[in-house]
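# Working through the structure, step by step
Here are the chains, one letter per residue:
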Protein chains: 2
Amino acid sequence: MKTLKEQFDILSDGAVDLLPQEDFIRKLERSIATGTPLRAKLGLDPSRPDIHIGHAVVLNKLRQFQDLGHTVVLIIGDFTAMIGDPTGKSKTRPALTLDETRENGKTYVEQAAKILDMSRTEVVYNSQWLDSMSFREVITLSAKYTVAQLLERDDFTKRYRSGEPISVHEFLYPLSQAYDSVAVRSDVELGGTDQKFNLLVGREIMKAYGQEPQCILTMPILEGTDGVEKMSKSLDNYIALTDSAKDMFGKTMSIPDSLIARYYRYACFAGGEDVARMESELAAGTLHPRTAKVQVSGSLVDRYHGEGAGKEALDEFERVFVKKDIPDVIEETVLDGTSLDIVTILTTTSMAQSKSEARRLIQQGGVSIDGTKITDPAALIDLQAPVILRVGKLRFLRISGR
Amino acid sequence: MKTLKEQFDILSDGAVDLLPQEDFIRKLERSIATGTPLRAKLGLDPSRPDIHIGHAVVLNKLRQFQDLGHTVVLIIGDFTAMIGDPTGKSKTRPALTLDETRENGKTYVEQAAKILDMSRTEVVYNSQWLDSMSFREVITLSAKYTVAQLLERDDFTKRYRSGEPISVHEFLYPLSQAYDSVAVRSDVELGGTDQKFNLLVGREIMKAYGQEPQCILTMPILEGTDGVEKMSKSLDNYIALTDSAKDMFGKTMSIPDSLIARYYRYACFAGGEDVARMESELAAGTLHPRTAKVQVSGSLVDRYHGEGAGKEALDEFERVFVKKDIPDVIEETVLDGTSLDIVTILTTTSMAQSKSEARRLIQQGGVSIDGTKITDPAALIDLQAPVILRVGKLRFLRISGR
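The next point concerns the overall build of chain A. For chain A, the helix and strand inventory stands at 18 helices and 13 strands. With the C-alpha coordinates of chain A rotated into their principal frame, the extents come out at 80 × 50 × 40 Å. When the 402 residues of chain A are sorted by exposure, 50% land in the buried category. Here chain A has roughly 18,600 Å² of accessible surface; of this, 49% comes from carbon and sulfur atoms. For chain A, the distance from the average position of its 50 positive side-chain charges to the average position of its 58 negative side-chain charges is 1 Å.

The next subject is the domain arrangement of chain A. Residues and elements named next belong to chain A. What the domain assignment reports for chain A is domain 1 (4-219), domain 2 (233-322) and domain 3 (332-401). Each of domain 1 and domain 2 was reduced to a C-alpha centroid, and the two centroids are 30 Å apart. Domain 1 puts 13 residues into the contact, and the matching count from domain 2 is 14 residues. Where domain 1 abuts domain 2, roughly 1,300 Å² becomes buried across the two surfaces, and 64% of that area is made up of carbon and sulfur atoms.

Residues and elements named next belong to chain A. There is a patch of like negative charges on the surface, built from Asp99, Glu100, Glu103 and Glu110. Structurally, Glu100 is set in helix 5 (residues 98-112). Of the residues examined, Glu100 reaches a relative accessible area of 37% and is grouped as partly exposed.

Next up on the list: the packing of aromatic side chains. Residues and elements named next belong to chain A. With the rule as written, the count across this model stands at 13 aromatic pairs over all chains. Consider the rings of Tyr179 and Tyr209, whose centres lie 5.4 Å apart with planes at 70°: the pair is edge-to-face. Of this pair, Tyr179 sits in helix 10 (residues 168-184) while Tyr209 sits in the loop between helix 11 (196-208) and strand 6 (215-219); the two residues are 30 residues apart in sequence, bridging distant segments of the chain. Its relative accessible area of 28% is what places Tyr209 among the partly exposed residues. Relative to Phe317, the ring of Phe249 has its centre 5.4 Å away and its plane inclined at 55°; by these criteria the two rings are tilted. Pair noted here: Phe249 is in helix 12 (residues 245-253) and Phe317 is in helix 16 (residues 309-322), with a separation of 68 residues, a long-range link. One exposure class covers both Phe249 and Phe317, and it is buried.

The subject of this paragraph is the relation of the copies chain B and chain A. Mapping chain B onto chain A is achieved by rotating through 179° and translating by 0.0 Å along the same axis, at an RMSD of 0.2 Å. The two molecules are tied by a two-fold rotation axis, judged by turn and shift. If distances are taken from each C-alpha of chain B to the rotation axis, the shortest is found for Ser134 of chain B, at 2.5 Å.

Listed as interface residues are 33 residues of chain B and, on the opposing side, 33 residues of chain A. Summing both partners gives a buried area of about 2,900 Å² for chain B against chain A, and 75% of it is carried by carbon and sulfur. In terms of surface lost to chain A, no three residues of chain B exceed Phe135, Arg136 and Val168 of chain B, which account for 26% of the buried area on that side. For the pair chain B and chain A, the number of links is two salt bridges. Ionic pairing is found between Arg136 of chain A and Asp131 of chain B, a salt bridge with its closest N-O pair at 3.3 Å. For the pair chain B and chain A, the interface holds 14 residue pairs in polar contact (both at pLDDT 80 or more). Secondary structure elements with two or more residues in the side of chain B that touches chain A: helix 4 (78-83), helix 7 (135-142), helix 8 (147-151) and helix 10 (168-184) of chain B. Of the residues in the side of chain B that touches chain A, the class split is 23 nonpolar, eight polar and two charged.

Rules used throughout
Residues numbered from 1 in each chain as written. Chains lettered and ligands numbered in written order. Predicted model: local features only at pLDDT ≥ 70, side-chain atom pairs only at ≥ 80, totals over all residues. Heavy atoms only, no water. Helix = DSSP H or I, 4+ residues; strand = E, 2+ residues; numbered from the N terminus. Buried < 20%, exposed > 50% of the residue type's maximum accessible area, 1.4 Å probe, protein only. Areas by Shrake-Rupley, 256 points an atom, 1.4 Å probe, with all protein chains shown as cover. Lys, Arg positive; Asp, Glu negative; His and termini not counted. Charge placed at Lys NZ, Arg CZ, Asp CG, Glu CD. Domains from an automatic or database assignment. Contact = heavy atoms within 4.5 Å. Buried area = accessible area lost by both parts, 1.4 Å probe. Patch = residues over 30% accessible without salt bridge, like charges linked within 9 Å, V, L, I, M, F, W, Y side chains within 5 Å. Salt bridge = Lys/Arg side-chain N within 4 Å of Asp/Glu carboxyl O. Phe/Tyr/Trp six-rings, centres within 6.5 Å; stacked < 30°, edge-to-face > 60°. Least-squares fit on C-alpha atoms with pLDDT ≥ 70 in both. Polar contact = N/O pair within 3.5 Å; in protein donor to acceptor, adjacent residues only side chain to side chain. Nonpolar A, V, L, I, M, F, W, Y, C, P; charged D, E, K, R; others polar.

Here it is, written out as structure tokens:
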């Protein structure tokens, strides 16, 4: 078994907050002394079952807990998901049925299994304890926290100040998440830095229920492939754990240079030393950003598609993009429809001035999609993932559908 | 049956707020047209079962509803009373048991029966619907109101601004009171002016539950016999409905002149014209304040102790206070103990310099309590209600015990 110091170094590595540090050390100490695994909690929203590599940052940290012998408790937040948005204002929060939450929970767990050791993972649904909570118990719970404390949460502060309505039930959500920690007797709760406030509420509520309070461990929020926004499905700047090797490789190759080392660390989970070396080599100019990106992309694909898959993805990538002399910068356009015929694509994008010109170009063998020549003017092109359209030797367009 | 205008005039008479007036008129109209009584709601706190004439202001208004054929719904708020103060901070809110709330509810109703027509009164306990409310239903309820709206309530605003903690559960109390209106399908909720905010919440919550919203009717808060503070048991400036005729008369005689007309209106429920006449006669000096006070005191005693009881109380009052040449202003003192022997009283108050002087004064027949000569030096004096101690011809002291 690893020593206290070894465990602490591994678990704190890459974390933004680990609070209170002395309590965490005490918990580790006791865990080692008594041979009792720590219970590391993560709450999940089953209304968004797709996991991307942004979520994986925290999951990987949980895996490190497991590799040290600790237990992970995944809490599927089906209770609030089944309620949805009771104000009816948010169209993005439809109420899920029990079947849907179970289905999404299963989907989530299947994806998480790519990272976690499921033999050391407990999966629980919080409706198990929240659904049977009475009004009286809700009052007892909510008596343990104050309005002013909740209004200190960044988003609440902003909304309150700007006069945007905060429904009272929104105050009950962080409290019920906090109560989850009581229900599973969490030792440490993990989350992105945006969860820090909620995790700390859990700490206070555990104390108020007479339990030893959990510690909190936050991990950075990974930027999306655009390098600007937080990675998220709705912004379409994400890399899903279920993305094909090709997509995963291609998307990673598209990140800005400034993110390379960060992805190496938080998407590939490279060790701190390796990351530092890459950073200094990039800074010194002894490592070309493109080479570093190939390394990061390959490492990511290897992780999720098996050793060697990264190399294969690289080969395909080079066949399509590099060997065909595709320029570094390609104009992009978005078309309506996720499956369109090639003639429509050519005319809509003005790569051909008319349908007849489009057909002629195809017949002459001058049109290709992702490096594959298109010969049938009726060919349907799948635009669910972006493709590179090439017309003649020199005209390129990156096309995606919606 | 009274006409719409007659009903409206009676019910709005003396009210501070009757909102929205046009809705109330519509409700009255429909009630008359369909022969369906309105449901007039009053919420009661069973942790304070003693009713004083301050509470009676609203009860009398409810009686007017009943006299017009409408139904009164008394809601005993046992749900929150049984929870008490879950923060444990307030020592004035101990959690009541089910038996205690039932007992207090019964006590309250017995007293209210002095004013209300119990054949037109429904008595319900709100634990009936609140106790079975699930967390999910609480979320649905609390989604219907915003944090900012609740923070507009005067006391919340003040506490929030001054940094005094407001526990989250305190936000749930006005919402549960509001839900009571949904549960009993209230047409109009009554309360003191200090309840205006809560009553309006009820209106909004009924709308949110798809019901026709209640109207609200507030009555003034009656000042206590000190003429300064709101009447309340804890300030000992109250006249209980269960006070003896003698106490009721005496306490009313002790109010400041400025309150005479107000008590005539809101304690004796004299008609607006009678009150106006008294006010103008007092102002013109054609009615002596003491005469007016005798009239108000007698009328109040008649109301709660039966016709003629006022006259009897007046006679006793005059026998004790007036005929014995008691001065208008008597010094007051409060002693420790609610039953003390006369010698102790005399020495403690320095009316006698020593126990032997006290005994001598008693033997000489120079000591009386409330006009009755004390001859036994061992006599125990009941100090639960204030008494007038007289020593010799000229020395008076008003004494109460605690």
